[in-house]
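# Chains, contacts and geometry: an overview
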Amino acid sequence: MSRVFSGIQPSGELHIGNYLGAIRNWVNIQDEHQCIYCVVDYHAITAEYRPKEMPTRIFDLAAGLLACGVDPEKATLFVQSDVPQHTELAWIFNTVTPMGELSRQTQFKSKSEQNLNNINVGLFTYPVLQAADILLYRASHVPVGEDQEQHLELSREIARKFNARYGKVFPEARTMFTSTPRIRGLDGKAKMSKSLGNSIAVDETEKRLRKKLASAFTDPNRVTRTDPGDPKVCNIFTLHGFFSPSETVQEIDGACRKAEIGCVDCKKKLGDAMVGHFAPIRERWAELRADPTQVHEVLNTGRDRCQAIAADTMQRVHRKMGLVR
Ligand code: TRP
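An account of the accompanying structure is given in this report. (Residues numbered from 1 in each chain as written. Predicted model: local features only at pLDDT ≥ 70, side-chain atom pairs only at ≥ 80, totals over all residues. Heavy atoms only, no water.)

This next bit is on the packing of helix α10 (residues 235–243) against helix α12 (residues 263–290). Running from N to C, α10 and α12 cross one another at 35°; their axes reach a closest spacing of 10 Å. Both α10 and α12 take part in a crossing whose hand is left-handed. Each of Ile 236, Leu 239, His 240 and Phe 243 in α10 lies in contact with α12, whose residues at this interface are Cys 266, Lys 267, Lys 269, Leu 270, Ala 273, Met 274, His 277 and Phe 278. For the contact of α10 with α12, the residue count by class is 8 nonpolar, 2 polar and 2 charged. (Axes fitted to C-alpha atoms, helices over the stretch in contact; angles between N-to-C directions. Helix = DSSP H or I, 4+ residues; strand = E, 2+ residues; numbered from the N terminus. Left-handed = near helix turned anticlockwise from the far one by under 90°. Contact = heavy atoms within 4.5 Å. Nonpolar A, V, L, I, M, F, W, Y, C, P; charged D, E, K, R; others polar.)

Structure representation (structure tokens):
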């Protein structure tokens, strides 16, 4: 079984972009691979946050992942800051990472533009910590969305540089793309993200979910109810593709093109399908919130397993680098 590693930031909301783009896939591959999934709190602190809220964000994300179907009997789930070797290895990787490569990372450019008052070095070396996450477990595959490809390419370069200088310790981790393209937000344009305010949370109440859908952009060229619509450019139609049965999707496709169905009805149908899809997840999530010890036990087990692998990798690293007495 190949080893898979992936991480998600506790950004305060698990939204359907995360769910469709990553988590669903994490759940699907846990039978065939040895999966390690990480709540990357050290990455999250590169943006400003309220320390008082962080424990809940971490706990809640872990509970949400379990509710979505991450199975602790099959996969390992843990919190990044529980395993100090992530930052230790990141420091070592800083010394083999070319400055120029980091400057070319598009996520750094866009994140620093969004945060002109907090362009910190951590944001700059974010991809080095990400490489350390993956390589600490000598993972061979990393399931992520396409926006992470540049970071993964850099992790491969870091592995090559380290191996060339000190001797082989690390494999080059391959990107495992999800079949899902990036999920657009309620604005129908930008990638769904909490910070852009265009997201739908996985555990939205029915009322809020329907309200959000009601405000969502559809085909921009369909101005009045009698205009025929183009499902191909409509984000609501895209979402139908994930949540509605294929006959419904086909029906809507035809009816929208002929203006037989309006956006309001179309959204109502999507709301029905999504409420049904997420009801069991919301229920399970509420159970886990009510019984936190279950979640803490999963995270403690994950921490212990990961610390053991991490200690082994760091011993190899230290030996190769001559950092021994
Ligand atoms: N950078 C990733 C994101 O924003 C999160 C992440 C951190 C990650 N470390 C990782 C993903 C390691 C995969 C592997 O989505």
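How two aromatic rings sit relative to each other is set out by the distance from centre to centre and by the angle between their planes. Counting across every chain of the model gives 11 aromatic pairs. The interplanar angle of 10° and the centroid separation of 5.4 Å between the aromatic rings of Phe 5 and Tyr 137 together place this pair among those described as stacked. With Phe 5 in strand β1 (residues 3–8) and Tyr 137 in the loop between α7 (121–136) and β4 (141–144), this pair connects stretches of sequence that are 132 residues apart. We classify Phe 5 as buried; its relative accessible area is 2%. By way of ring pairs, the aromatic residues Phe 93, Phe 162, Tyr 166 and Phe 170 are connected into one cluster. Seen from the ring of Phe 217, Lys 189 lies directly overhead, with NZ or CZ sitting 5.5 Å from the centre. (Phe/Tyr/Trp six-rings, centres within 6.5 Å; stacked < 30°, edge-to-face > 60°. Buried < 20%, exposed > 50% of the residue type's maximum accessible area, 1.4 Å probe, protein only. Lys NZ or Arg CZ within 6 Å of the ring centre and 35° of its normal.)

Around the ligand lies a shell formed by Phe 5, Ser 6, Gly 7, Val 40, His 43, Tyr 126, Gln 130, Asp 133, Ile 134, Val 142, Val 144 and Gln 148. In this structure, Gln 130 approaches the ligand through a side-chain N or O atom, which is 2.9 Å from a nitrogen atom. For the ligand, a nitrogen atom lies 3.1 Å from a polar atom in the side chain of Gln 148. For the ligand, whose accessible area on its own is 370 Å², the fraction buried by protein is 88%. (Near = heavy atom within 4 Å. Polar contact = N/O pair within 3.5 Å; in protein donor to acceptor, adjacent residues only side chain to side chain. Areas by Shrake-Rupley, 256 points an atom, 1.4 Å probe, with all protein chains shown as cover.)

This paragraph deals with α10. Asn 235, Ile 236, Phe 237, Leu 239, His 240 and Phe 243 are the residues of α10 that are buried. Against the buried residues of α10 lie α1 (16–29), α9 (206–215), α11 (246–257) and α12.

Mapping Thr 175 onto the fold places it in strand β5 (residues 174–177). Setting aside residues up to four positions removed in sequence, Thr 175 forms contacts with Val 142, Val 144, Glu 149, Leu 152 and Arg 156. In terms of polar contacts, Thr 175 uses its side chain to reach the side chain of Glu 149, at 2.6 Å. Of note is the side chain of Thr 175, whose polar atom sits 3.4 Å from the side chain of Arg 156.

Following the criterion strictly, the structure yields 0 disulfides and no others. No disulfide involves Cys 266; its sulfur sits 6.0 Å from that of Cys 234, the nearest cysteine. Taking relative accessible area as the criterion, Cys 266 reaches 10% and is therefore assigned buried. No disulfide involves Cys 306; its nearest neighbouring cysteine sulfur is the one of Cys 38, lying 7.3 Å away. Its relative accessible area of 0% is what places Cys 306 among the buried residues. (Disulfide = S-S within 2.5 Å.)

We now examine the packing of helix α6 (residues 106–114) against α7. Where α6 meets α7, the axes come as close as 9 Å, and the angle between the chain directions of the two elements is 155°. Here α6 is positioned roughly antiparallel relative to α7, judged by the angle of their axes. Considering only the axes of α6 and α7, their crossing is right-handed. Facing Gln 107, Phe 108, Lys 111 and Ser 112 of α6, the residues of α7 in contact are Leu 123, Phe 124 and Tyr 126. Here the contact of α6 with α7 is composed, by residue class, of 4 nonpolar, 2 polar and 1 charged. (Parallel < 35°, antiparallel > 145°, perpendicular 65-115°, else oblique.)

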